[in-house]
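Understanding the architecture of this molecule
If you want the building blocks of each chain, they are given just below.
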Amino acid sequence: MKLPAFDYACPATLAEALALLASRDDAKALAGGQSLVPMMAFRIASPSLLVDLRRLSDLRKIAIDTSGVRLGAMVRWRDIEDDARLNGAHPLLKAAVSHVAHYQIRNRGTVGGSIAHADPAAEMPGIAVTCDADIAVTGTRGARVICADDFFIAPLMTALAADEIITEIRLPAWPPRRRWGFREFSRRRGDFALAAAAVFFDVDDAGKAYNAHIGAIGVGDRPARLPAAEAEVNGQVVDIAISERAGRAASASVDPQSDIHASGAYRKSLIGTMVERALQSAAGMSAL
Amino acid sequence: MPLSFEVNGKQVTVEVEPRMTLVDCLRHKLRLTGTHVGCEHGVCGACTILLDGEAVRACLILAVQAEGCKIVTIEGLSNDEALTPLQASFRRHHAVQCGFCTPGMITTAHALLSEEPDCDADRVREVLSGNICRCTGYISIVEAVLDARSAYRPPESQP
Amino acid sequence: MRNSFVGSPVERREDLRFVRGRGQYVDDLNPDGLLHAVILRSSFAHGRIRSIDASATVKLAGVHAVITARDMPGGPPRIPMRLQPLPEFMPFEQGVIADTKVRYVGEPIAVVVATSVAVGEDALDHIVVDIEPLPAVSDCETSAAGDRLLFEQQGANCAMTFTAECGDADAAFKAAAYVRREKFRTGRHFGLTLEPRGVMAEWDAATGRLTVSGAAKVPFFNRRVLAEQMGLPEDSIAMIENDVGGGFGARGEFYPEDFLIPFAARYTGRPVKWIEDRRENLMAMNHARQAQVEVEIACAHDGTILALRGHAHVDMGAYMRTNGAVAARNIAQFMAGPYRIPNIRVKSSLWMTNKTPVGTYRGPGRFETDFFRERLLDMVAKDLRLDRVELRRRNLIPASHMPYPLPAIAPFPASDEIDSGDYRATLDRCLEEFGWADKAKLAGKLIDGRFHGLAVGCFIEGGAAGPKETARLEINPDGSVAVFIGSSAVGQGVETVFAQIAADALEIPMDRISGVHHGSTAYVSDGYGAYHSRSVVMGGSALLDATKNLHNLIRTAAAKRFGCLPSEIKISEDGIVGPHGSSARFADFAGLTAEGAFLNKKHTYTFGAHAAHVTVDARIGRIEIIDYLAVTDCGRIINPMTVRGQVIGSLVQGLGGALLEDLKYDKDGQLLTGSLADYLLPSASDFPNLRAVVTEMFPSPINPLGAKGAGEGGIISAGGVVANAVANALGAFGVEPRELPLTPQRVWEMVEAGRLAT
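Residues numbered from 1 in each chain as written. Chains lettered and ligands numbered in written order. Predicted model: local features only at pLDDT ≥ 70, side-chain atom pairs only at ≥ 80, totals over all residues. Heavy atoms only, no water.

1. Examining the sheet that holds strand β7 (residues 142-147) of chain A
All names here are of chain A. Pairing is antiparallel across the open sheet formed by five strands, whose spatial order is β4-β5-β10-β6-β7. Looking at the sheet topology across the chains shown, the edges are occupied by β4 (62-65) and β7. Strand-to-strand twist of the sheet, defined as the mean angle between neighbouring strand axes without regard to direction, takes the value 20°. Of the pairings in the sheet, the one linking β4 to strand β5 (residues 68-72) comprises four bridges and is antiparallel in character. When the sheet's bridge partners are listed, D65 is paired in β5 with G68. Each of β6 (134-139) and β10 (164-172) is contacted by helix α1 (residues 14-23), which is oriented at about 125° to β10, the strand it contacts most. (Pairing = 2+ DSSP bridges. Helix = DSSP H or I, 4+ residues; strand = E, 2+ residues; numbered from the N terminus. Axes fitted to C-alpha atoms, helices over the stretch in contact; angles between N-to-C directions. Contact = heavy atoms within 4.5 Å.)

2. Remarks on the confidence of the model for chain B
Confidence along chain B averages 97 in pLDDT terms, with 98% of residues attaining 70 or more. Scored by ipTM, the complex comes to 0.98, with pTM at 0.98. (pLDDT = per-residue confidence, 0-100.)

3. Describing the interface of chain B and chain C
Tallying the contact residues gives 48 residues for chain B and 54 residues for chain C. Between chain B and chain C, the buried area comes to about 4200 Å², and carbon and sulfur atoms account for 55% of it. For chain B, the biggest contributors to the area lost against chain C are R91, H94 and R134 of chain B; these three give 21% of the whole. Where chain B touches chain C, the interface holds six salt bridges. Here D80 of chain B makes a salt bridge to R22 of chain C, at a shortest N to O gap of 2.7 Å. Where chain B packs against chain C, one counts 25 residue pairs in polar contact (both at pLDDT 80 or more). Among the elements of the structure, α1 (22-29), α2 (85-92), α3 (102-115), α4 (121-128) and α5 (139-147) of chain B are those that each provide at least two residues to the side of chain B that touches chain C. It is α2 of chain B that contributes the most residues to the side of chain B that touches chain C, four residues altogether. Across the side of chain B that touches chain C, the residue classes tally to 20 nonpolar, 16 polar and 12 charged. (Buried area = accessible area lost by both parts, 1.4 Å probe. Salt bridge = Lys/Arg side-chain N within 4 Å of Asp/Glu carboxyl O. Polar contact = N/O pair within 3.5 Å; in protein donor to acceptor, adjacent residues only side chain to side chain. Nonpolar A, V, L, I, M, F, W, Y, C, P; charged D, E, K, R; others polar.)

4. Some details on helix α15 (residues 640-659) of chain C
Residues and elements named next belong to chain C. Taking 1.5 Å of rise per residue, 20 residues should cover 28 Å, and α15 covers 28 Å from first to last C-alpha, within 8% of that figure. Of all the 20 residues making up α15, 18 are buried; the element is thus mostly covered by neighbouring parts of the structure. Two or three places before M641, at the start of α15, stands the capping residue N639, its side-chain oxygen 3.0 Å from that residue's backbone nitrogen. (Expected span 1.5 Å × (residues − 1). Buried < 20%, exposed > 50% of the residue type's maximum accessible area, 1.4 Å probe, protein only.)

Okay, structure coming up:
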C-alpha cells in the first residue's frame, strides 16, 4: 500500500529535532526508515509528522575508547561492518550485526532505529541487553541514560518517551581476552531470528569462567539475559557438559509464545541449542 | 514539497508529497520505469537503486529523503550501443527470465562488484539474498555475477 | 540453407531490453487522464453483507467513483470455468464482486477510482460496510462436517468428487500379500509472480472500443469472457499483452479485477489502472496445493505394485475459479505417475472453504500426488526390505509399453496416454550422474553434527494441452519475416525460441526474423495461450504449418509473376527463383501473410528422475540440500539454455514448496501470512547446489517438432524427493515425513517424537 499522508521535517540540529518531535503527540523520528516505512506502508503506523534525523551528523559517529564503544544512533549496520576497529573492540557486536537483514537494508538501517523499534527478535536490542549497554536519550526536558535492561518493555514498546530521541548506544569496554559466541537460527539468511544467543565470559588464570553474560533473542517479548544459564557457566571451565547444562538452563528459563513462525516449545528448545553452541564456540570448540 | 536531486547524471527538481516513496517518484514522476516495485515493504529487492553509490531499497526511502543525493537507476547503468559487461553476463548465463527482478539484481550486483570485485560465490549469494527472483532459481544469476567480476577489477590487475 | 538454430543455446532476444530496464510492464503505462483503482476487500472470511455505504466516500477530493455490486445492472456477472467447465461447478463460480455474501478474506466488495493510488487507499477507510459474520470453514474437515455452508442452496460444501480408475483395485487389494495405508498432506502455496498482477483499461465511448492492457496467459479466452460480461462484441475488445513478470499458472487467468477495471473505465469514461499490491496479492491471486490424502498401496512380496487406492481431499477455497479443478483431477489421475500400476481407484473431492480460491500452480496436482506416491514407495521399500532404486526400476512403465494409457477420469471423460519414453534410462542416468553408489553409503550417517540422507524419485510431466494453437507469418517491406503467435509470454523466452523455430523452418538467418509478436488478441485469428507447458509445442507446431502455408503463397505469387507453375518455384535464403533465370527477393512479396494452426487432443509427457542429498541438523530441524540433480528428457530441445532455466527455476519453486512456502490461516479464516516476511520464498542463499541434465532421447511422436512441454518438471518431484531424503537421514529416529512443507519445526517435532519413542 501507499503510505498515509504526513508532514515531513528535516531539522539541522538536535534541538530543532526535539522541538519538532514535541510539537505533536504523534510525531515520530525517522532514522533509516527500514522498520518504520514498512509499518507505514501497511498502514499499521500513521504518524502525522516525521522528523528526519539524517542531517544530525553528530549521531553518525562510532567512538571507541577505554570506556567502551559508543555508537551514535544514526550509525548504520554498514558502518559497523566496515569499521575494522570493532573486530577487536567489540567482536560480539560485529558478529551479531552480520545477521541483520540484507545488503540494501544494511546501507540504511541504523542502530538507533533498531533499538527504538524494539523487535524482540532483532539482534541489536539483544546485544544491548546482553552487554549491559546504556541507551542515551534526550528530549526537550533534558537528557538521560537508560540501561538496556530497563529500556525494552514489550514488543515494539520501550522506555523512550514520545518526545525523546535516542542519541547513543554505549557498550562497556571489551577486555582483549574475553571469550564470546553468537548463534542465530532463522528460516532464511537475513530473516528475524527464531532464536539467537549472544554469550560472553571472562576466564581466570585457572581457566574458569566468570562474568558470564548470556542473552536470549527472539524467545520472549523482549531480549533478556538468562541468569540461570549464566550461573551454570560462572566458576566452571566451559566444556561440552557445561555448555549443555547452560543450554538446558536457558531452555528452562524462557517461556516463549507461539506465533506463525514457530511454536513456543520449538523456540524453547532452539534457545537451549543456540546457547549451548554459542558457548562451545566461545570456548574454542567447533560447533554448528 | 519541492525536491532536487541528481538522477543518472542529470539534476532534476520535482514536486512531491512527503508520503511519496523514492521508487514511486522515479517511476511515476520521472518516468524511469526500469526500477520495479514488487512488494512495497522492503523484502523483494526489485526496487533496488544506487543512492550515493550504495544499493538501497527505493520503496523504503521517502523521495524527500533523497534531497541533494546522487541516484543511479538501471537506466543510468545502461547505454544504447552495447550491453555492459554485467548485462552481457546476465544474458550469456541466462540469468533473466521474466525480467522483473533483473534491474534490481543488476543494480545490487553492480554495487557489490564496484566495491568487492573479488567477492566469492558465498558473498554473492549473501548479498543477492535480499533480491527475490521467482523464475531462475538463482543459480544462473550467481554465475553471471561471478563471471562479471573481472570487468570491475582495476585494469592493472587484469591479465 | 539448413539452419540449426533449434537445439542451440541461442542468447535470448528479450534480454536486450530486460537487462537495460527497458521492459514494459503494465504498471509502466501512464496514458493521459489516467485514474487509479483500489479495491476494498473483505476482512471477514464468511459473512452476509447487510449494507455498503459509500456516500461519504464519493464526495472526497480526488475520488471519481465508488463501484459496488449495485452499480452492475442485473447483478455482478460470474466468472466461468475455463478448464473442466462441468455444469456441477457452475453454482460455485465466483461473481466479479461480492453481492450478498463474502466468502473469503480478500474478496472484492467495492472499487474506488481516484486520482492516485494513495488517495484511493485513503478513501477505503471511509466506506462503511456492515457485514454479519458467519462461522468460517477454515479446512476440509470443517467443510465436510457440513454444518457451515458456503453456498446454502447447494446443501453441501463438496463441489465434486473425481474418480480415476483402471483395473479392479478392490479385488487386487483383497488378494495382495502386502498392503500399506498412509495419510499425507501438502501445504498451501501459490504461483506468486514477482510482478504483481495489473490491469489497465481504456474505453473509447465514440467507437465503443475497449482496450485492456496487462493481459497474460490466455488473452483470447479472457476476451470472450469479458465481451460476454460487458455486453460487447468480441472484436471491439483488444487485449494487450505487455511484458509479464512471471506466470506460473496463477497469472493471466480471469480474475474479478479483469472485469472490474474495464467496467470502471467504461463507468468513468477515463483510462483506469489497477496494480495489485503485494498484501492483496497474497489474498487475491489463486492459491494452490493444499490437499490431504488417505492412500493404500498393495504389492507382491517382490515389490511389484499391484494396486493403488485412495481418497484425496482438496481445500478449494471459496469459489471454483477458471482452472480450479485441475489440481484435484491431476492428484487422482496422476498418482501412479511413471509407474505401471494395473489397478487403480483414486478419488479426489473438492471441498469449498472460506479461503482464497485455488487455481493451478506449475505442476498442479502433480507436485502433491508425487509427494504422496514417492513417500509411499520409500515406506514400501523399508517394509519389504527392498532397495529403493530397485523397487522403482521394477515398477517403472517399460519403454516397450509406450504409448501407455492413463487411468480414466470421471466425470470428465477424456482418454489420454503417455506418448513416449524410457523411464529406466533416465533413472539410470540420474543415478550415474549423481554418484548414487558412492553417496548412498552416507545414508543415515551423523557427520559433524549433521545427519546425511539420500533419495531418488521419478516423475512424468504433462504438456501441450490442445485443442489448438495458431501462428502467422508476415513478410515485412525489408524482406524480413514477422512471427505472430497465439501463445503467450510469461518470461519463458518465447521471442527467442519462436525465432529459432521460424528461422529453421523458413531456412533464413535468425536476424531476418524481425520479431515474435505474442499474447495480444490483434495478432492471430485465435489463440490459446500459455498453460500446461504448451506454448512451444503447440505454437511451434503451428508455426511449422504457417511456414508451409507462407511458402505456398510465395510460390503461387511468384508463379504468377514469372508465368510458371508454383511447383517450379524454389525458395531459399537468398530469394525466390523461378525457371529461366527469373528471380525475386522476399521484399518483393512484402505484405504476404499466412496463418497456420496445430490441433492436438493428446498430451506430451516429459519424464525424468531427481536425486537429492541432504543433511539435517536434528537439534534444530534445519535441512540443507548438499546436492540435487534433476534429469529430464523433454523430447526435441529447442534451446538447451532456456530448458535448463525452466528446470532449475521450477525446481527451486518446488523446494520452496517442500521447505518454506506456506499460506497459513487461523480457524476464523484470517490469512496469517500477509507479507513476504511471512510467506517465505526461496532466496539466493537457500539452494546453491542444484544441477540439471536435459536430454532429448525421446522426441514426441504426436507433434511435428517432436517437442514436449518442459516448464513444470522441475517442481514435480521436489517435495517427495526431499521428504524421502530427510526420512533417510533421520532413520535413527524413525522419522517419516507425512506433511509439507518440511519446516524446521516439523522436522524437530518428528525427531523429538522419535527420541521419546526409543
